[in-house]
Amino acid sequence: MSHPRGILLAMNTTIVNREVANRVRVLGPSLSVGEATVKELRDRVQSTIRGDNQLAGIRAEALAELSRRAGTELTENDLRERGKKPRRQARSEIETARALEKLPETSKGLREGDIPYDNARILANASQRGFIEETELLDDARSQSPDKFAATVRKHERQRSADDGVSRLEHQRSQRFARIRTALEDGMTVLYGRFDPITGARIETALSKKMNELWREEDPQNRATPGQRMADALALLLARPGGDKDGPSQDVKLLVIADYDVVSQQLGNARLENGTPIPASELKRLACDARILPAIFRGLSVPMDLGMARRKASPTQRAALIARDRACIGCGAKAAWCQSHHIVHWQDGGPTNLDNMCLLCSRCHHNVHDRDWQVEQTTTGAYRLRPPPTKQTRPPRVNHQNRQRRRKLHPAKQRK
């Protein structure tokens, strides 16, 4: 059985026998992709995502009950052997399933396909760390991407924390972990690590700076992939010739953003550039570090608007852009990998002012300049990237005359 346009999930509730009654069936689309319009293809992709969420909800419910009856070890083994899941993923799924039992509304949203599994997992992990108010987070769990929702949950946890997040940071630091091993399959060396947000931000800043240096040195016709470039940057930082006698190889500037209360003349709401909150005590400690770059907005001594006098954003403007946009406004790539883009191009008279700039990664920058993507501002004042309107709704039909015409117009391409 199939559905003409989308994907349907069906739980067989007819008690023919117990085996049939516990099977989940996927009813796939009967219309081929070649016959579908662009809108129908987008709807089909969306229905598969919703189906993934529903399947994850059904599986989580079964895993929680199975682990309670048969034990975690047998359940994990089932996932690994019968489900072909990696050990770490199997264990994580079981832990999430058990935590979701205490979050009934989240579990319901997952089974109905409204809440992505990644968001449900973020909520489950947060509930294990401490008390959260589930109902306050459900709307965001339905509407936000996992990256954004994770930040929302962190903010929620901090607001409910009695000690301004100090205990959470201490817990994160106690969970730090790094490992180096040799992969059995090919002999490659594998590095893995987990760090608290502040240490992680320092590491990421140093890596990003070195990656940008390597990018500028590369042959534009033979560039490394971002993954290869990061591996090269890490190797250079950790194993540079000469050891420590040459001094630090990086001038690491950690961007910390905080609000200033004019009345109390105090800083508050401190956070890293990605929005991760920092306890007040940690902000005081970081303030003693000479390598902290403050983000000053509209300060009298800082020229935030440079007009046409300068084409590239100043360091202070870039700090302000990172604080405002946090990441690429198109795809969410990290701010350290982004360029400052003029919304009205500089050569067309666009000034180098904050309200005429935004952060774009290389790929999204290419989409704007060469593929007619547009930067637009939302009602909340945030910037986002909008793709060009779809011109065709149905795939073109190629007939013999079309082929003949193409050969006449592009003979070189045909010969290739």
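On a predicted model such as this, the values are computed, not experimentally measured, just so you know. (Residues numbered from 1 in each chain as written. Predicted model: local features only at pLDDT ≥ 70, side-chain atom pairs only at ≥ 80, totals over all residues. Heavy atoms only, no water.)

## Remarks on the overall build of the protein chain
Applicable threshold: Secondary structure counts use DSSP, requiring at least four H or I residues in a row for a helix and at least two E residues in a row for a strand, with both numbered from the N terminus. The buried label applies to any residue whose accessible area, calculated with a 1.4 Å probe on protein chains only, is under 20% of its type's maximum; exposed applies above 50%, and partly exposed to all values in between. The contact criterion used is simple: two residues touch if any of their non-hydrogen atoms lie within 4.5 Å. For every accessible area listed, the method is Shrake-Rupley and the probe measures 1.4 Å; residues are considered covered only by the protein chains on display.
Tallying secondary structure elements over the protein chain gives 16 helices and 11 strands in all. Here the protein chain holds 416 residues, and the buried ones make up 30% of them. The long-range share in the protein chain, meaning contacts at least 24 apart out of those at least 6 apart in sequence, stands at 53%. Summed over all atoms, the accessible surface of the protein chain reaches about 27,400 Å², with 51% contributed by carbon and sulfur.

## A look at the side chain of Glu157
Note that Glu157 resides in helix H8 (residues 146-160). According to the relative accessible area criterion, Glu157 is buried, its value standing at 12%. With residues near it in sequence (within four places) discarded, Glu157 still touches Ala126, Arg129, Ile132 and Arg168.

## Considerations on the environment of Ala323
Looking at the secondary structure, you find Ala323 in helix H13 (residues 315-325). By relative accessible area, Ala323 is classed as buried at 17%. Spatially, the C-alpha atoms of Ala323 and Gly275 are 8.5 Å apart, while their sequence positions differ by 48 residues.

## Points about empty space enclosed by the protein
Let me state the cut-off plainly: Cavity and pocket criteria rest on a 1 Å grid covering protein atoms alone: a 1.4 Å probe that fits but cannot get out defines a cavity, protein on both sides within 12 Å along at least 5 of 7 lines defines an open pocket, and an atom within 4 Å of a point defines a lining residue. Grid points are joined across faces, edges and corners, and a volume is the space filled by probe spheres set on the points.
Scanning the model with the defined rule gives 2 cavities of 30 Å³ or more in all. Each pocket or cavity is described by its volume, and for the second largest cavity that value is around 30 Å³.

## Overview of the pattern of salt bridges
Here is the rule we go by: For this document, the term salt bridge refers to a Lys or Arg side-chain nitrogen within 4 Å of an Asp or Glu carboxyl oxygen.
A full pass over the atoms with the stated rule returns 23 salt bridges. Between Arg50 and Asp114 there is a salt bridge, with the nearest N and O atoms lying 2.9 Å from each other. Of this pair, Arg50 sits in helix H2 (residues 38-70) while Asp114 sits in the loop between helix H5 (104-111) and helix H6 (117-129), and the two are 64 residues apart along the sequence. Since its relative accessible area comes to 37%, Arg50 is described here as partly exposed. Between Glu218 and Arg229 there is a salt bridge whose closest N-O contact spans 3.0 Å. With Glu218 in the loop between helix H10 (197-217) and helix H11 (226-238) and Arg229 in helix H11, this residue pair connects regions lying 11 residues apart in the sequence.

## Re the nonpolar core
Inside soluble globular proteins, nonpolar side chains tend to come together where they are buried. The following threshold applies: The criterion is simple. A nonpolar core is a set of buried Ala, Val, Leu, Ile, Met, Phe, Trp, Tyr and Cys residues joined through side-chain atoms within 4.5 Å.
Ranked by size, the top nonpolar core spans 26 residues in total, and within it Leu100, Leu110, Leu123, Leu137, Phe149 and Val153 carry the most contacts. Within the residue set of this core, elements represented by two or more residues are H2, helix H4 (87-100), H6, helix H7 (134-143) and H8. With 6 residues, the top contributor of residues to this core is H6. If sequence neighbours within four positions are ignored, Leu110 has contacts with Asn53, Gln54, Ala56, Gly57, Leu100, Ile115, Pro116, Tyr117 and Ala120.

## A look at a nonpolar patch on the surface
How we decide: Only residues above 30% relative accessible area that lack a salt bridge enter a patch, with like-charged residues linked at up to 9 Å and the nonpolar side chains Val, Leu, Ile, Met, Phe, Trp and Tyr linked at up to 5 Å.
Taken together, the side chains of Ile180, Leu191 and Leu238 make up a nonpolar region of the molecular surface, amounting to roughly 340 Å² of accessible area. Take Leu238: it is sitting in helix H11. Taking relative accessible area as the criterion, Leu238 reaches 66% and is therefore assigned exposed.

## Quick notes on the packing of H2 against H4
Convention followed: Lines are fitted to the C-alpha atoms to define the axes, a helix being fitted only along its stretch in contact, and any angle between axes, read from their N-to-C directions, falls within 0 to 180 degrees. For this classification, under 35 degrees means roughly parallel, over 145 means roughly antiparallel, 65 to 115 means roughly perpendicular, and everything else is oblique. Residues are sorted three ways: Asp, Glu, Lys and Arg are charged, Ala, Val, Leu, Ile, Met, Phe, Trp, Tyr, Cys and Pro are nonpolar, and all the rest, Gly among them, are polar.
Axis separation between H2 and H4 bottoms out at 8 Å; the angle between their running directions is 95°. The orientation of H2 relative to H4 falls into the category roughly perpendicular. Between H2 and H4, the contacting residues are Arg59, Ala60, Leu63, Ala64, Ser67 and Arg68 on the first element and Glu93, Ile94, Ala97, Arg98 and Leu100 on the second. Here the residues of the contact of H2 with H4 sort into 6 nonpolar, 1 polar and 4 charged.

## Observations concerning H7
Condition: In this description, the arc belongs to the directions extending from the helix axis to the C-beta atoms.
Every buried residue of H7 is listed here: Glu134, Leu137, Leu138 and Ala141. An end-on view of H7 places all buried positions within 130° of arc, on one side of the element. Facing away from the buried surface of H7 by more than 90 degrees, the exposed residues are Asp139 and Ser143. Of the surrounding secondary structure, the elements contacted by the buried residues of H7 are H5, H6 and H8.

## Some points on the pairing of strand S5 (residues 254-261)
Regular strands place side chains that alternate from one sheet face to the opposite one. Applicable threshold: A pair of strands is labelled paired if DSSP reports no fewer than 2 bridges between them.
Here S5 pairs with strand S6 (residues 266-272) via 5 bridges, running antiparallel. Its bridge partner lying in S6, Ile257 is registered against Arg271.

## A few points about the packing of aromatic side chains
Basically, it comes down to this: For this analysis, a ring pair means two rings from Phe, Tyr or Trp (six-membered ring only for Trp) whose centres lie within 6.5 Å, classed as stacked if their planes differ by under 30 degrees, edge-to-face if by over 60, and tilted for the remaining angles. We count a charge as sitting over a ring when the NZ of a lysine or the CZ of an arginine lies within 6 Å of the ring centre and within 35 degrees of the ring normal.
Applying the stated criterion to the full structure yields 1 aromatic pair. Above the plane of the ring of Tyr192 lies Arg88, whose end atom (NZ or CZ) is 5.4 Å from the centre. Arg223 extends its terminal NZ or CZ atom over the ring of Trp215, reaching a point 4.0 Å from the ring centre.

## A few points about the environment of Arg326
Mapped onto the secondary structure, Arg326 falls in the loop between H13 and strand S8 (339-342). Spatially, the C-alpha atoms of Arg326 and Ala336 are 9.5 Å apart, while their sequence positions differ by 10 residues. Setting aside chain neighbours within four positions, we find Arg326 in contact with Glu273, Asn274, Gly275, Leu321, Ala335 and Leu359.

## A closer look at a positive patch on the surface
To be explicit about the condition: Charge assignment in this entry is limited to Lys and Arg as positive and Asp and Glu as negative, and neither His nor the chain termini are counted. A charged residue contributes its charge at one atom only: NZ of Lys, CZ of Arg, CG of Asp or CD of Glu.
A cluster of basic residues, Lys209, Arg216, Arg310, Arg311 and Lys312, forms a positive patch at the surface. Mapped onto the elements, Lys209 comes out in helix H10.

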